[in-house]
Amino acid sequence: MNNISRIAIMVVSVGALSSCHIYNKFEMPTEDNALTSEYVQAKETEENAEAFGNLRWEEVFTDPMLVDLINQALANNTNLSNAKLNIDIAHAQLKGARLSYLPSVTLAPNGAGSSFDHSKMSWSYQLPLAVSWEVDLFGKLLNSNRRAKQALLQSEAYQQAVRSQLIAGVANCYYAISMLETQLKISRQTAEYWKESVQIMKNFKLAGRVNESAVVQSTANYYSLLASITDLEVSLNEANNTMSLLLNVMPQTWNIQADARFEAPAIMREGVPMRELASRPDVRASEHSLAMAYYATNQARSAFYPGLNISANGGFTNLMGSMVSNPAKFFVQLAGQLTAPLFARGQLISNLEAARAQQEQAMNNFEYTLLSASAEVSNALMLYTKSNEKADYLKNQVENLEKIGRIYSGIAIFGRTHHLSGSAHRPAEPPRSPAVAGKLRKRKSACSHQPVSVARRRSII
């Protein structure tokens, strides 16, 4: 008996020494990887609370109507509600993983009766209580618990990412509707002017001052403008429906003013700081996914080591082997079992190889998410900067076009036929105001950059 105990102790000791890495917590691999090394260093630095990406969304979007719409979306949006439910699911799974350290207790009362050759019925009964406890020698339950915790953190990060995307979506849709309302107003006014111009051209043709081609060209431009108005009306209807979907209400027309303004805080930087990327919820969700894969690999390794199970049974029964004894008596049984896998038809090896491959996939996905986030922020910053430059150019263009309009607003504009067929009367996009489109580009770039990081701090939720 002593020899068996010594052998069991030696087996457990050797297994514990060879499986020390199973107990280690996840750490981001940095060896021979400059990207993850920079990421780990950035996480250790303090956040800049004044950075544009770290501002609360209420500090960026101050339009009262937009604030009200965002609050409605945060309260009613289906995707955000499902993300919150995912957190509840992860909480429940983590609770189950933590309770797995405790022993299981079962009560299974039973009774039976038997009779042989018409003899008197003999009754037996048992009131057993069974307790079983799995001792976590090699980290199987530990890694399961840690993996469940990472799943919870991933769900929370995903919920923050959905929340950020929702805020950005409502803001973009709000300003898109405002822009389309402005363009429709401009286009309809322009259509009235073109309608008068067509009639004047017809009158001048009757007077012999223009030819038929000038009349046809003016009429064609007028109908092209009307066709463009229908496109704008379709786009406006789609934008209203998108807003309704974001707020989880039936499709309706939103009364958003055409002159809605957005003054974004100044963004002064030359590159994309890694510290801000490390705070993005989508990057953190990818990191937690990598940690989950790491603990899954540790679980697959722990399956190669022995498992120790201690059980106890006790209760009240009148069945003593094959005999029935009355009155009934109490009984107690204790047992321990050490189970070591020797041959599982390759199942354990295949599970470990699959877990390692999935961990490599998670690492690749994390690196791609980090690079993708950097490119996304860089694109938004470039679009924001160049939209400011383009807005200045378009402002000058509009001023010069207005001068042309004043020059040709008199009767002299119709005195020469070649002016009627010139570019002053055939704008490339008559229904659209280039300045309005330029403002929308600036708003979209700011919205797409800020809300991606707006949920970084838990105090914002």
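Residues numbered from 1 in each chain as written. Predicted model: local features only at pLDDT ≥ 70, side-chain atom pairs only at ≥ 80, totals over all residues. Heavy atoms only, no water.

Student: Any chance you could explain the overall build of the chain here in plain terms?
Tutor: Summing up its helical and strand segments, the chain has twelve helices and five strands in all. By residue count, 37% of the 461 residues in the chain fall in the buried class. A separation of at least 24 residues holds for 82% of the contacts in the chain among residues at least 6 apart in sequence. Counting only carbon and sulfur atoms, one obtains 55% of the accessible surface of the chain, whose full area is about 27,000 Å². (Helix = DSSP H or I, 4+ residues; strand = E, 2+ residues; numbered from the N terminus. Buried < 20%, exposed > 50% of the residue type's maximum accessible area, 1.4 Å probe, protein only. Contact = heavy atoms within 4.5 Å. Areas by Shrake-Rupley, 256 points an atom, 1.4 Å probe, with all protein chains shown as cover.)

Student: I'm lost on the pairing of strand E3 (residues 122–135) in this one. Help?
Tutor: Each regular strand shows side chains that alternate between the opposite faces of the sheet. Across four bridges, the pairing between strand E1 (residues 104–107) and E3 is antiparallel. In the strand pairing of E3, Val105 is matched with Val131. The pairing of strand E2 (residues 110–114) with E3 spans five bridges and is antiparallel. Within E3, the position partnered with Gly111 by the bridge is Tyr125. (Pairing = 2+ DSSP bridges.)

Student: What am I meant to see in the pattern of salt bridges here?
Tutor: Where charged atoms from two side chains of opposite charge come close, those side chains can pair. Across all of its chains, the model carries seven salt bridges by this definition. Between Lys205 and Glu212 there is a salt bridge, and its shortest N-O distance comes to 3.3 Å. For Lys205, a relative accessible area of 34% gives the class partly exposed. Across the pair Glu376 and Arg280 runs a salt bridge, and its minimum N-O distance is 3.4 Å. Of this pair, Glu376 sits in helix H10 (residues 347–407) while Arg280 sits in the loop between helix H8 (274–278) and helix H9 (281–302), and the two are 96 residues apart along the sequence. (Salt bridge = Lys/Arg side-chain N within 4 Å of Asp/Glu carboxyl O.)

Student: Teacher, can you tell me more about the packing of aromatic side chains here?
Tutor: Each aromatic ring pair is specified by the distance between its two centres and by the angle formed by the two planes. This model, assessed by the stated rule, comprises six aromatic pairs. Centroid distance Tyr39 to Phe366: 5.1 Å. Interplanar angle 75 degrees. Geometry classified as edge-to-face. One end of the pair, Tyr39, is in helix H2 (residues 34–43); the other, Phe366, is in helix H10, and 327 residues separate them in sequence. The pair Tyr39 / Phe366 is uniform in exposure class, with both members buried. (Phe/Tyr/Trp six-rings, centres within 6.5 Å; stacked < 30°, edge-to-face > 60°.)

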